[in-house]
Number of protein chains: 2
Amino acid sequence: MLILERIKVAFIGAGSAIWSSRIVMDLLIHEDLRNRVDIWLMDISDWRLNLIYGFAKRYIDELKVDAKVFKTKDRVEAIKDADFVINSAMAGGHSYYEKMREISEKYGYYRGINSVEWNYVSDYHTIWGYYQFKLMLDIAKDVEAYAPNAWLINVANPVFELTTLVTRMVKKVKFIGLCHGHLGFLKAVEVLGMRLAKEKLGRDITSLCAMHDPECYSTIAKLIDFKDLEVEMSGFNHVIWLTKFRYAGEDAYKYLNDWIKEDAEKYWNVWKEFTANPFDIDLSPAAIDMYKTYGLLPIGDAVRGGTWKYHWDLQTKKYWYGPYGGPDSEIGWAMYLAALRRSLESLAMAVEDMSTPLVHRYPPQSSGESIVEIIDAIVNDKPKEFYYIYVPGKEEKIKVPAPLQVNIPNEGILNGIPNDVAVEIPVKIDGKGVHRKQLIQPPHKIYRYVLLHRLLRAEWALQAFLEGGRDSLIQWLVTDVRTKSMKQVEDVINALLKIPENEEMAKHYS
Amino acid sequence: MLILERIKVAFIGAGSAIWSSRIVMDLLIHEDLRNRVDIWLMDISDWRLNLIYGFAKRYIDELKVDAKVFKTKDRVEAIKDADFVINSAMAGGHSYYEKMREISEKYGYYRGINSVEWNYVSDYHTIWGYYQFKLMLDIAKDVEAYAPNAWLINVANPVFELTTLVTRMVKKVKFIGLCHGHLGFLKAVEVLGMRLAKEKLGRDITSLCAMHDPECYSTIAKLIDFKDLEVEMSGFNHVIWLTKFRYAGEDAYKYLNDWIKEDAEKYWNVWKEFTANPFDIDLSPAAIDMYKTYGLLPIGDAVRGGTWKYHWDLQTKKYWYGPYGGPDSEIGWAMYLAALRRSLESLAMAVEDMSTPLVHRYPPQSSGESIVEIIDAIVNDKPKEFYYIYVPGKEEKIKVPAPLQVNIPNEGILNGIPNDVAVEIPVKIDGKGVHRKQLIQPPHKIYRYVLLHRLLRAEWALQAFLEGGRDSLIQWLVTDVRTKSMKQVEDVINALLKIPENEEMAKHYS
């Protein structure tokens, strides 16, 4: 393949500034990319666009790399002749979601009509994702028209629905859906480490780990030889499962079973007391209950899923997900939005404050996201199945290999899933693109209870978007456990569609 | 192929006497079968077995055909070396269903925990079908062991789940799932006839048809040339749809559209007044609403499906299905069970009363079931895609060709459905067996809203049967719109499992 001289990377929705700044940093510190990358930032918000532009500009200057950065509000200008288009745009932003949620709750739909089985993630648009779906399709069509050789890498939610939608509708575009949720496999490694510490050192680090003490990771890193660790995860985005977990040639689920029997209670007691992060749920009672129920450990955002068993109300959520009820309760989500705002403010202040180098406040370090690793694999034709992430240890960062995991059409990889449905699977990437691997199949219970169920809702959401009509909203609601009558269904639809933001959507659904 | 001298046809669950007597009659009046068929009747109930045996015996004598009939309570004896095994056995009988339903209703599950979206048919076992699934598997294994060349034709419900189960688990057995629901396409023909009568004769027969006056069919039969009619139906058992409806080279759905616009109200007014049959719902407001919602006319038992929109409570059912709320309301089903009992009594009296020839009370006529037509096609190597049914006209019966429609594994016929899921499709049958045909695909709405949804529940029911565990019942109930709390879920499971009949099932689900 042709090794490009300069590389154009376009960020659509670049104003997702916390996220974009981390990827921009990854590009600017990558040895084989930083001196030839042209970064194009596009957003519809001036303030956000200027913020991320200011960040990139200063970072390039301070690092003295031969990168360039451009900003534009014109999507086509950003996309034209790009080699990579990265989309993180969120139609309507968080305020739109919150408004939709508030109206839903007035009519008895706790956390929104969008929140249903296997999809309680609070910003994962499905049935009310009209604008988000439309935006994604428009972007894909622009890429097809103005940058036909580009890779379109989408990190905007809902990754599952959007990947399925685009790969069905805009077939020529090289599309990858990306999520970092699979890094949750580190928590399984932590369990392995806790057990090895007990068995090999006679040392109980359960409480240290529950408190996220760097000592926990330092101890584990000395015990585990990552060459001997085999993990595989697959499923759909936000519903992936640890289908393979082996250490030193043996089934490592036995360590998890022992941990559940001997250490989980202790871990949970400390964790409940000390956890400050509503997302800290990878080893929560919910995760372990799902493991017991479905036979494999749910990874990353999969833990936020499940059925109503875990999500009836705040009390239920607290029982399963700890003191904040997980990230998707009214408490957890408010904390997340507040943290986002704080990070944005800090970023803005840091970019504006010329008295302190930006690299002091945001020291160069890789983000743990795989996106720039993927760009490197493609651009520089470096075959990769893994990339490295860094976990904080006591004295130094601990380097852990993580599988490259992407969302692409199934094409026969997972049994019983149609070919044109996006699956999240480990892959090999090189200059020729993305290559599927043979995988271990998820067990029947996960296929039947999780994947088929989640697929059903995805197809309903796609149907609603593609063909519209009021029936598609009725269909969604009439099988919802929160629905008590057809009147409730009609009322909530009317209320959601009559807000000014939904004028266009109301026509689509009429 | 070898044309067999004598043919052994075994009836398992032969005590489903109303049904069996019709099939026995079909065998005994069929020119190419009646003089060489050995009928083996098997049931566990002496009374029922003696009843159907008495019927067959007398019928053979009166018709003077060279058929033989045997009775046994030993399943293996019946199956051994059979050419065809016909199963209509219903584990536990109707009383088991009614008991399960009654307990469910105490805990807020109207019409039973078994009645859910796209499966409100009152004797279509799914989640509580443990004994029925087990019986079917046992029969299939007996056929595999004792009659490996036989065709196993199953008419016992749930045809969808049982066909999928057996064809997955007992792969060597030649299995056909059968239902007569597809004959509901005659109602679409009736609509065509009503419109043609208006257009060609200037005659409005809407009311006649709504009252099922034989004059309706006589008029239609004169107008329609069945050679010019093309119909195709596909889907899953009890959720099939009229994918093709053409007359004289034109789309015949236009007649339906005109009928809905101009005649439906009048039809419904007469129908509501006159209908005496809770199953008379093929052109009910529910059927037409489903057509408007999903884009095709639902055929036969598919009309009994739908979502909770049509089934919330008796009032809702009456609105959509007429004065009895359809066959699956508390009224309609009680009427059906009473009618069954009355028919059984009449049959018993007729068999015992030697003063009147049985052929006077049950005159020889074909039942409209396809089963003996299928046996004929296979045994006598007669390639068939259609068979003839008879509709009552004013002076004579009207002969109508109906497609041969069976339930077999999909194997790529319907898009997006896994290969090992049973679909109900039209086929060609000959001495070599059952041949799939290329079909028109159902529209997206039906794939997404109906087939995927129904498949989900089938897979859950199969999972519950195959792997057991309390979780599989919880999974079923936790997404049910009637569920208000986890306590309700636990309570109804406990109540259902503690009745004496469910002792074995309780172990399976513990």
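Note on numbering: residues in each chain are counted from 1, in written sequence order. A letter from A marks each chain and a number from 1 marks each ligand, given out in the order of writing. Reporting of local features is limited, given that this is a predicted model, to residues whose pLDDT is at least 70; pairs of side-chain atoms are given and counted only at 80 or more, and all residues count toward the totals for whole chains, interfaces and linings. Only hydrogens and water are removed before side-chain values are computed, so all heavy atoms of the structure are retained for them.

## Notes on the confidence of the model for chain A
A score between 0 and 100, pLDDT records how confident the predictor is in each residue. For chain A, per-residue confidence averages 96 on the pLDDT scale, and 99% of positions sit at 70 or higher. As scored by the predictor, the complex reaches a pTM of 0.93 and an ipTM of 0.88.

## A few points about the state of the cysteines
Residues and elements named next belong to chain A. Whenever a pair of cysteine sulfur atoms sits within 2.5 Å, that pair is classed as a disulfide. If you walk through the whole model with that rule in mind, you get two disulfides over all chains. A sulfur-sulfur separation of 2.1 Å characterises the disulfide bridge that pairs cysteine 209 with cysteine 216. Judged by the sign of its S-S torsion, about 90°, the bond between cysteine 209 and cysteine 216 is right-handed. Summary of the burial criterion: residues with accessible area below 20% of their type's maximum are buried, those above 50% are exposed, and those between are partly exposed, where the area comes from a 1.4 Å probe applied to protein chains only. A residue is classified by how much of its surface remains accessible, and cysteine 209, at 0% relative accessible area, is buried. A relative accessible area of 0% places cysteine 216 in the buried class.

## Regarding the nonpolar core
Residues belong to one nonpolar core when they are buried, are Ala, Val, Leu, Ile, Met, Phe, Trp, Tyr or Cys, and are joined through side-chain atoms within 4.5 Å. The biggest cluster of nonpolar side chains holds 388 residues, and the ones touching the most others in it are Phe11 and Trp259 of chain A together with Phe11 and Trp259 of chain B. The contact rule is simple, with two residues in contact once any of their heavy atoms fall within 4.5 Å. Dropping the residues within four chain positions of it, phenylalanine 11 of chain A is found in contact with Ser20, Ile23, Val24, Leu27, Ile39, Trp40, Leu41, Met42 and Ile86 of chain A.

## Here we look at the interface of chain B and chain A
Each side of the interface is counted separately: chain B has 38 residues, and chain A has 38 residues. Carbon and sulfur atoms supply 60% of the area buried between chain B and chain A, which totals about 3400 Å² over both sides. Defined here as a combined quantity, buried area equals the accessible surface (1.4 Å probe) lost by two parts on assembly, summed across both. In terms of surface lost to chain A, no three residues of chain B exceed Trp312, Arg448 and Tyr449 of chain B, which account for 21% of the buried area on that side. By convention in these notes, a salt bridge is any Lys or Arg side-chain nitrogen within 4 Å of a carboxyl oxygen on Asp or Glu. Summed over the shared surface of chain B and chain A, the result is two salt bridges. A 3.5 Å cut-off defines polar contacts: any pair of N or O atoms within that distance qualifies, except that in protein one atom must be a possible hydrogen donor and the other a possible acceptor, and neighbouring residues in sequence count only when both atoms are side-chain atoms. Seen at the junction of chain B and chain A, the total is ten residue pairs in polar contact (both at pLDDT 80 or more). Secondary structure elements are defined from DSSP: runs of H or I of at least 4 residues count as helices, runs of E of at least 2 residues count as strands, and each element is numbered from the N terminus. For the side of chain B that touches chain A, the secondary structure elements donating two or more residues are α12 (285-294), α17 (444-467) and α18 (470-478) of chain B. Among the elements that take part in the side of chain B that touches chain A, α17 of chain B stands out by supplying 16 residues, more than any other. Throughout this entry, Asp, Glu, Lys and Arg are counted as charged residues, while Ala, Val, Leu, Ile, Met, Phe, Trp, Tyr, Cys and Pro are counted as nonpolar. The remaining residues, Gly among them, count as polar. Split by residue class, the side of chain B that touches chain A holds 16 nonpolar, eleven polar and eleven charged.

## Notes on a negative patch on the surface
Together, Glu102, Glu105, Asp313 and Glu330 of chain A make up a region of like negative charge exposed at the surface. Tracing the backbone shows aspartate 313 of chain A in the loop between β10 (298-299) and α13 (314-321). Without a salt bridge and with relative accessible area above 30%, a residue can belong to a patch; like charges are then joined within 9 Å and nonpolar side chains (Val, Leu, Ile, Met, Phe, Trp, Tyr) within 5 Å. In these tables, accessible area is a Shrake-Rupley quantity obtained with a 1.4 Å probe, and a residue counts as shielded only by the protein chains included in the view. The charge count includes Lys and Arg as positive and Asp and Glu as negative, but it does not include His or the ends of the chains. Taken as the charge centre is NZ of Lys, CZ of Arg, CG of Asp or CD of Glu, depending on the residue.

## A short note on unusual backbone geometry
All names here are of chain A. The linkage connecting asparagine 157 with the following residue, proline 158, adopts the cis geometry, with an omega of 0°. Despite not being glycine, glutamate 411 shows a phi value in the positive range, around 50°. Inspection of the secondary structure assignment puts glutamate 411 in the loop between β13 (405-409) and β14 (422-430).

## Side note on helix α9 (residues 214-223) of chain A
Residue and element names in this part refer to chain A. Summarising burial for α9: seven of the ten residues are buried, a large majority. Burial in α9 covers these residues: Glu215, Cys216, Tyr217, Ser218, Thr219, Ile220 and Leu223. Contacts from the buried residues of α9 go to α7 (185-201), α8 (206-210), β8 (239-247), β11 (386-392) and β12 (397-403). At the N-terminal end of α9, a side-chain oxygen is found 2.8 Å from the backbone nitrogen of glutamate 215, two or three residues along, and the residue is aspartate 213.

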